[in-house]
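# Secondary and tertiary structure notes
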Amino acid sequence: GFRDMSGIRRTLVMSSLASITGLAERDLEAALAAVRAPASRAQAAPEEAEEIVVRPPEPGADHRSLEEQGFSPVQARARREAERSVVALLVAHPELAAVRVRFDDGCSLPVAEAFTPDALLDPATRTIYAAAHPWLEEGRGFSVDELMSEIRSREAKSLVGDLVMTGERRAPSGKEGAQALQAAFEAFERIRRPRQPVPPPPAHADDAAGMAARIAGIRARGSDPSAFARLARAGNRSGPPPDLTPPDD
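Residues numbered from 1 in each chain as written. Predicted model: local features only at pLDDT ≥ 70, side-chain atom pairs only at ≥ 80, totals over all residues. Heavy atoms only, no water.

## Quick word on the overall build of the chain
- Looking only at helices and strands, the chain has 11 helices and two strands in total.
- N-terminal to C-terminal, the α/β element order of the chain is α-α-α-α-β-β-α-α-α-α-α-α-α.
- A separation threshold of at least 6 residues defines the contact pool for the chain, and within that pool the share at least 24 residues apart is 64%.
- Element-wise, carbon and sulfur atoms account for 55% of the exposed surface of the chain, whose accessible area totals about 14,800 Å². (Helix = DSSP H or I, 4+ residues; strand = E, 2+ residues; numbered from the N terminus. Contact = heavy atoms within 4.5 Å. Areas by Shrake-Rupley, 256 points an atom, 1.4 Å probe, with all protein chains shown as cover.)

What follows is the structure, given as C-alpha cells:
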C-alpha cells in the first residue's frame, strides 16, 4: 500500500498526483491521512466519516498569475482591478444579474451573458465568478456562505469577503448598483480591448449590409465570448442568421 512505499517512491507518486490533480502535495497528504483513519472508528461512528473528494482543476483554465501571463505590473494591477470591480458588485448584489449592460457598438445584453467567466484572466477572480455565474444566469440569489461552499481555492476564498465589502461600498443600494455596474463593465471593456471604439451600426442595420458591418466590427475586436450572443440577438431582429464563414485570405 501507499504507506509501505519507500521514501523516494512515495515522493515521486505524490508529485505525480499533485501534477494530475492540481492540488498541493500537503493537501493530498491531508486527504490520504483522513482516508487512513482506523476502521474501528469508522464502524463505531459511521455518521462522522467524511467523504474525501479530490477534484481536478477547471479544464482549460489558466491558473497562472497575470504577471506570469505576460502582463507588466502596471497592466496586471489595472486588469485585476477592472475584473474585480464587476465581480464585486455582482457577488454583493446578485439581483444586479437582471441589469442589461451596453457595448460600444450599441448592443446590450444581460450582464451574465455579456460578462462571462472565460473573459477573466485573474485566476482568483475567475474562480469566484465561475462559482457565482450559474446562479446569476438563472436569476437566483445566493449567500456568501453558499458561494464560499462552491470554492476550493484558498486564495479565492480569502478574496470573497473583500469583494463583497467592495461591492457594498460602491453600491449601498440596488438603485445605485445598476449605474455602478454599467460603469465597471465599460471600464473592463476598455482595458480588455484597448482599441478604437467600434462605430454604432448604420440606420439600415437590419438589412444584409448592416449585419455585415456589425460582424466585421465584432471580428475586429478580437476574442469576445459575448460576440455570438450579440450576433444572435441582431439576427433575430433582421431575419436569417448571418454567414459567419471567415473570409478567404
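Here the narrative resumes.
## Some points on the packing of aromatic side chains
- The full count for this structure, using the stated rule, is four aromatic pairs.
- One aromatic cluster is present, built from ring pairs that chain together Phe115, Tyr129 and Phe188. (Phe/Tyr/Trp six-rings, centres within 6.5 Å; stacked < 30°, edge-to-face > 60°.)

## Some remarks on the side chain of His133
- With respect to the helices and strands, the residue His133 is situated in helix 6 (residues 123-138).
- Accessibility expressed as a relative area gives 8% for His133, which makes it buried. (Buried < 20%, exposed > 50% of the residue type's maximum accessible area, 1.4 Å probe, protein only.)

## So, the environment of Arg64
- Within the secondary structure, Arg64 sits in the loop between helix 3 (39-44) and helix 4 (73-92).
- We classify Arg64 as partly exposed; its relative accessible area is 40%.
- If sequence neighbours within four positions are ignored, Arg64 has contacts with Gln69, Leu121 and Pro123.
- Within the local environment of Arg64, its side chain forms a polar contact with the backbone oxygen of Glu68, the two atoms lying 3.5 Å apart. (Polar contact = N/O pair within 3.5 Å; in protein donor to acceptor, adjacent residues only side chain to side chain.)

## What to know about helix 6
- The terminal C-alpha atoms of helix 6 lie 24 Å apart, and with 16 residues this matches the ideal 22 Å at 1.5 Å per residue to within 8%.
- The sharpest bend along helix 6 reaches about 40 degrees and sits at Ala132, with the proline Pro134 one to four residues further on.
- Burial within helix 6 is extensive, with 12 of its 16 residues counted as buried.
- Of the positions making up helix 6, those classed as buried are Pro123, Ala124, Thr125, Arg126, Thr127, Ile128, Tyr129, Ala131, Ala132, His133, Trp135 and Leu136.
- In this fold, the buried residues of helix 6 make contact with helix 4, helix 5 (111-114), helix 7 (144-149) and helix 8 (154-170).
- At the exit of helix 6 stands Gly139, carrying a positive phi of roughly 70 degrees. (Expected span 1.5 Å × (residues − 1). Bend = angle between axes of the 7 residues up to and from the residue.)

## Some words on the pattern of salt bridges
- Taken as a whole and judged by the stated rule, the model has eight salt bridges.
- Put simply, Arg80 and Asp122 hold a salt bridge, and the shortest N to O gap is 3.3 Å. With Arg80 in helix 4 and Asp122 in the loop between helix 5 and helix 6, the pair connects residues that are 42 residues apart, well separated along the chain. Across this residue pair, the class does not change: Arg80 and Asp122 are buried.
- With its nearest N and O atoms 3.2 Å apart, the salt bridge here joins Glu138 to Arg140.
- The class of Arg140 is partly exposed, set by a relative accessible area of 44%.
- When salt bridges with common partners are traced through the structure, they connect Glu67, Arg80, Arg84 and Asp122 into a single cluster. (Salt bridge = Lys/Arg side-chain N within 4 Å of Asp/Glu carboxyl O.)

## Considering the nonpolar core
- Ranked by size, the top nonpolar core spans 40 residues in total, and within it Leu90, Phe115, Ile128, Leu147 and Leu181 carry the most contacts.
- Of all the secondary structure elements, the ones that give two or more residues to this core are helix 4, helix 5, helix 6, helix 8 and helix 9 (174-192).
- Those residues in contact with Leu90, other than ones at most four positions away along the chain, are Leu96, Ala97, Val111, Phe115, Tyr129, Leu136, Phe142 and Leu181. (Core = buried A, V, L, I, M, F, W, Y, C linked by side-chain atoms within 4.5 Å.)

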